[in-house]
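# Secondary and tertiary structure notes
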Amino acid sequence: MALLSIVKAPDPILKKKCYRVDTVDDDIRRLMDDMLETMYAAPGIGLAAPQVAVHRRVIVIDVSPTGERDPLCLANPELLDVSDESNLHEEGCLSFPDQYAEVVRPERIRVRFLDYHNEIREIEAGGLLATCIQHEMDHLDGILFVDHISMLKRSMILRKMTKQKKAGAPAGA
Ligand code: NI
């Protein structure tokens, strides 16, 4: 397994739509393994392939309590159903270090995907897991959590990110 570097906003890489996966084969499993390792190291609870500059419809998630591991790998995730009730969660993103905002999303979802073993699976999710799956699925279409908040708050966060990038950029880069 390898640690991958995480693309930070603002970056056009994060705004691109991702391609579907034909089969979850060894190459995709290696990507899932590397993404999980990168997510755990960050640490984070979810990561989407475009965040490691790979434009495939792959996400990894683990919302289990700290110290436990219960990874979920999803390829080509599709929402089959969303609840009418919505939920407000404070969200962050590994591509936006130290930035958080409250986002409203459907409270419960049903999602179909190809799992780590290339099997079609359907799960129902609520609470944090539902929020996390929707956040990561958005990434596959170039949508970021800041796209769900007010323009004012979004431009504040993006300004901070641009400053962070300039401050952190190595000389000559
Ligand atoms: Ni994110």
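Thresholds applied
Residues numbered from 1 in each chain as written. Predicted model: local features only at pLDDT ≥ 70, side-chain atom pairs only at ≥ 80, totals over all residues. Heavy atoms only, no water. Donors = N, O, S within 2.8 Å, 3.2 Å for Na, K, Ca; no water. Helix = DSSP H or I, 4+ residues; strand = E, 2+ residues; numbered from the N terminus. Buried < 20%, exposed > 50% of the residue type's maximum accessible area, 1.4 Å probe, protein only. Pairing = 2+ DSSP bridges. Axes fitted to C-alpha atoms, helices over the stretch in contact; angles between N-to-C directions. Contact = heavy atoms within 4.5 Å.

The next point concerns the coordination of the nickel ion. In this structure, C93 (SG), H135 (NE2) and H139 (NE2) serve as the protein donors to the nickel ion, at separations of 2.1 to 2.2 Å. Counting gaps between the donor residues of the nickel ion yields the pattern C-x41-H-x3-H. Linking C93 in strand β4 (residues 86-93) with H139 in helix α2 (residues 127-139), this pair joins segments that are 46 residues apart in sequence. When sorted by exposure, C93 lands in the same class as H139, which is buried.

Right, let's get into the pairing of β4. For β4 and strand β5 (residues 96-106), the ladder comprises seven bridges, and the chain directions are antiparallel. Each residue of the ladder has a partner; that of E90, found in β5, is E102. The antiparallel hairpin formed by β4 and β5 contains two residues in its connecting segment.

This next bit is on the sheet that holds strand β2 (residues 58-61). Taking strand neighbours across the sheet as the criterion, the five strands line up as β1-β2-β3-β6-β7 in an open arrangement whose pairing is antiparallel. In the strand order of this sheet, the two ends are held by β1 (46-48) and β7 (120-126), each with one partner. Each strand axis lies, on average, 40° off the axis of its neighbour in the sheet, ignoring direction. Lying over the sheet, helix α1 (residues 26-41) contacts β1, β2 and β3 (72-82), oriented at roughly 40° with respect to β2. On top of the sheet, α2 reaches β1, β2, β3, β6 (108-114) and β7; it is set at about 125° to β7, its chief contact.

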